[in-house]
Protein chains: 2
Amino acid sequence: MRSGLVGRSYAMLFASAGYDVRVYDASKEQLQRAVADMEQQLSALAADGLQRGCLTVQQTMAHVTATDSLEDCVTGARYIQECVPEDKDLKRGVWQKIDDMMESSDVVMASSTSGIVPSLLSDHLRHRHRFLVAHPANPPMLNPMVELVPAPWTDPSAVAEARTLMEQVGQVPIVLKREIEGFVQARIQAAIFHVAWQLIAEDYVDPLDVETAMHEGVGAWYAFMGPFSAEHINANGWLDLCSKYAQVVHRVQQTFSPPQPMQGPAATRLARELERWTPRDRLAERCAWRDRCMAALLRLRQTLDREEQEAEQPVS
Amino acid sequence: MRSGLVGRSYAMLFASAGYDVRVYDASKEQLQRAVADMEQQLSALAADGLQRGCLTVQQTMAHVTATDSLEDCVTGARYIQECVPEDKDLKRGVWQKIDDMMESSDVVMASSTSGIVPSLLSDHLRHRHRFLVAHPANPPMLNPMVELVPAPWTDPSAVAEARTLMEQVGQVPIVLKREIEGFVQARIQAAIFHVAWQLIAEDYVDPLDVETAMHEGVGAWYAFMGPFSAEHINANGWLDLCSKYAQVVHRVQQTFSPPQPMQGPAATRLARELERWTPRDRLAERCAWRDRCMAALLRLRQTLDREEQEAEQPVS
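Residues numbered from 1 in each chain as written. Chains lettered and ligands numbered in written order. Predicted model: local features only at pLDDT ≥ 70, side-chain atom pairs only at ≥ 80, totals over all residues. Heavy atoms only, no water.

Draft legend 1. Spotlight on the interface of chain B and chain A. In this complex, chain B contributes 113 residues to the contact, which on the side of chain A involves 113 residues. The interface formed by chain B and chain A holds ten salt bridges in total. Across the pair E216 of chain B and R301 of chain A runs a salt bridge whose closest N-O atoms are separated by 2.5 Å. Counting across the chain B and chain A interface gives 56 residue pairs in polar contact (both at pLDDT 80 or more). Mapped by element, the contributors of at least two residues to the side of chain B that touches chain A are β7 (172–175), α8 (185–201), α9 (207–222), α10 (227–234), α11 (238–254), α12 (265–277) and α13 (283–310) of chain B. With 16 residues, the top contributor of residues to the side of chain B that touches chain A is α8 of chain B. Class assignment of the residues belonging to the side of chain B that touches chain A gives a composition of 64 nonpolar, 26 polar and 23 charged. (Contact = heavy atoms within 4.5 Å. Salt bridge = Lys/Arg side-chain N within 4 Å of Asp/Glu carboxyl O. Polar contact = N/O pair within 3.5 Å; in protein donor to acceptor, adjacent residues only side chain to side chain. Helix = DSSP H or I, 4+ residues; strand = E, 2+ residues; numbered from the N terminus. Nonpolar A, V, L, I, M, F, W, Y, C, P; charged D, E, K, R; others polar.)

Draft legend 2. A look at the relation of the copies chain B and chain A. In the superposition of chain B on chain A (RMSD 0.0 Å, axial shift 0.0 Å), the rotation amounts to 180 degrees. Here the two chains are linked by the operation of a two-fold rotation axis. It is A191 of chain B whose C-alpha, among those of chain B, lies nearest the rotation axis, at 2.6 Å. Counting the interface residues of chain B, we find that 100% of their copies in chain A are interface residues as well, pointing to one common contact surface. (Least-squares fit on C-alpha atoms with pLDDT ≥ 70 in both.)

Draft legend 3. Main features of the nonpolar core. Ranked by size, the top nonpolar core spans 184 residues in total, and within it F224, F228 and W238 of chain A together with F224, F228 and W238 of chain B carry the most contacts. Setting aside its immediate chain neighbours within four residues, F228 of chain B contacts F193, A196, W197, I200, V210, E211, M262, L270 and L274 of chain A together with W238 of chain B. (Core = buried A, V, L, I, M, F, W, Y, C linked by side-chain atoms within 4.5 Å. Buried < 20%, exposed > 50% of the residue type's maximum accessible area, 1.4 Å probe, protein only.)

Draft legend 4. Representation of the packing of helix α9 (residues 207–222) of chain A against α13 of chain B in the model. Running from amino to carboxyl end, α9 of chain A crosses α13 of chain B at an angle of 130 degrees, the nearest separation of the two axes being 10 Å. When the interaxial angle is binned, α9 of chain A and α13 of chain B end up oblique. Considering the relative orientation of α9 of chain A and α13 of chain B, their crossing is right-handed. Between α9 of chain A and α13 of chain B, the residues in contact are H215, E216, A220 and W221 of chain A and R290, M294, L297 and R301 of chain B, respectively. Among the residues making up the contact of α9 of chain A with α13 of chain B, the classes are represented as four nonpolar, one polar and three charged. (Axes fitted to C-alpha atoms, helices over the stretch in contact; angles between N-to-C directions. Parallel < 35°, antiparallel > 145°, perpendicular 65-115°, else oblique. Left-handed = near helix turned anticlockwise from the far one by under 90°.)

Draft legend 5. A look at α10 of chain B. Of all eight residues making up α10 of chain B, seven are buried, and the element is well covered by its neighbours. Burial in α10 of chain B covers these residues: P227, F228, S229, A230, E231, H232 and I233 of chain B. Tucked inside the fold, the buried residues of α10 of chain B contact α8 (185–201), α9, α12 (265–277) and α13 (283–310) of chain A together with α9 and α11 of chain B.

Draft legend 6. Molecular detail of the packing of helix α10 (residues 227–234) of chain A against α12 of chain B. Axis separation between α10 of chain A and α12 of chain B bottoms out at 10 Å; the angle between their running directions is 75 degrees. What the angle tells us is that α10 of chain A and α12 of chain B run roughly perpendicular. For the pair α10 of chain A and α12 of chain B, the contacting residues are F228, S229, H232 and I233 of chain A in the first and L270, L274, E275 and W277 of chain B in the second. Residues that form the contact of α10 of chain A with α12 of chain B fall into these classes: five nonpolar, two polar and one charged.

Draft legend 7. Expanded view of the sheet that holds β7 of chain B. All names here are of chain B. Reading across from one edge, β3-β4-β5-β6-β7 is the order of the five strands in this open sheet, with mixed pairing throughout. The outermost strands of the open sheet, each flanked by one partner alone, are β3 (79–82) and β7. Geometrically, the sheet is characterised by an average inter-axis angle of 25 degrees between neighbouring strands, direction not taken into account. Of the pairings in the sheet, the one linking strand β5 (residues 131–136) to strand β6 (residues 145–150) comprises five bridges and is antiparallel in character. (Pairing = 2+ DSSP bridges.)

Draft legend 8. Representation of the pattern of salt bridges in the model. Overall, the coordinates contain 32 salt bridges over all chains when judged by the stated rule. The salt bridge partner of D203 of chain B is K177 of chain A, with a shortest N-O separation of 2.7 Å. Pair noted here: D203 of chain B is in the loop between α8 and α9 and K177 of chain A is in the loop between β7 (172–175) and α8, and the two residues belong to different chains. A salt bridge links D240 of chain A to K244 of chain A, with the shortest nitrogen-to-oxygen separation between them at 3.3 Å. Here D240 of chain A and its partner K244 of chain A are both found in helix α11 (residues 238–254), four residues apart, which amounts to about one turn of the helix. Taking the relative accessible area as the measure of exposure, D240 of chain A reaches 17% and is therefore buried. Residue K244 of chain A is classed as exposed on the basis of its relative accessible area of 51%. Among the ionic contacts, a cluster of salt bridges with common partners joins K177 of chain A together with D203 and D206 of chain B.

Following this line, the structure appears as structure tokens:
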């Protein structure tokens, strides 16, 4: 564990399920801030009816210990979640230290990296067969998907244990069969950026109209369904969709420009538009708004799920 | 107008704003079904608090006339929305007939096509300078985005008039500056299919895990924000995002396979998985579920917007 934003989220998730969690940071001040912030976040979640499990805030926090000793943090752990900043060498170094301290080969070793494939973080480790990526969506308490990504040498049992743990704490894990750049989520985002960037860099449309096309259009589907299921029901089943539209989709894909880096004058124009929407000095407020939206959507989905179950319509 | 699903939606939208709407279909039976269905849909929307404008169902329907004469439908119209099936020759033929009947050059001529660029539908028309695409999201009453796409010869005033009309009836139009295959929404979808297909065809991940990555992950953002704004607030502004991650995104994009048509064994496997989720004989139920989700999300967003306004936080 580490006490940054992702580390705090994982600590809250695991502790909410009754697991004893040790949170490490080299800075005692940072640890104090982390503990105070977790208490505050858990209270806000409980007030919104979005707490995980059935423990109170106090009971949950009783499972959290903060330590500035990496050795104390690691010793006796069954699962280690590393959440240091997105820097390959930093992460490799931290894992080297942890690996040297580990006495057991039964520990699951998981990195929260959003974009570094696990083989590049673990090839040097004695226990690399226990290593994988467990990358959460953002914010993890409100957006439950976690990507589990094995390196070529990862033992399937380590992936299975991570999956079980994530399910126990109420996350929704997906499991990659082997590693690939960007995993699943960042590949989807990169694909959207690919076409969105072409549309604005070649001036087909104003940047904020791309935004609108998403949040007033298909984006509403994606809060409830993925790309395939949305079309499965739009058409008369997936094969019907394919027979009618696979060629159309492919024709559209043929018109994609090669991916361009998002930089230069178009990036500056886009930044100006986005800053009119939310100036940089108000990003914190906008993040809080985003989290209110995420929390409200989560509650809405829970309500809809409950209604479906009560109506005994097994289709959903 | 035509009396299919999209035609009905446009008729309801325009009539709800107090416009007189003439709905054409060659089949009298189809027209009867359309009118009955519109009444039913408008009542359901009103019961959900999702009606547009301030007219009652009866008042709205009083603005709708059904006719099996294309000439009656077209004569005197200020705006014509064609919603015949997605077939280029069929649409060209219908527009040829309408064009021959039109006496004024002031009419806006709009096609609902989801995937045919406007130049291919209008090059043969006398009034082609008044022609554009007005493609709605699905379902149009609950998902308000409309793509307005001009042909190279479209008079900007026709686009401006269509935009004003869409805004008046409560839709959220986006305007393309020139035509491109797939417009905006289908390009975004095609981009997602591009990477999602690679992930399942090359067996990196089970198909339904791609779905989960969307609806339990980034999909929640896209119900409220587009791809750029989501990252503007995830990072410390867009330019910060670019400086830190533009290269990472580009590196991920370099690993995209060339787009493959969605067919063959992977399509069959995917269809099997999707049919386990929703069998083909229960697609109608699932569509109803999707529309309940869309309606609930729309109400949620209205509530969140109201709360933000009441809190006088101009940031949102």
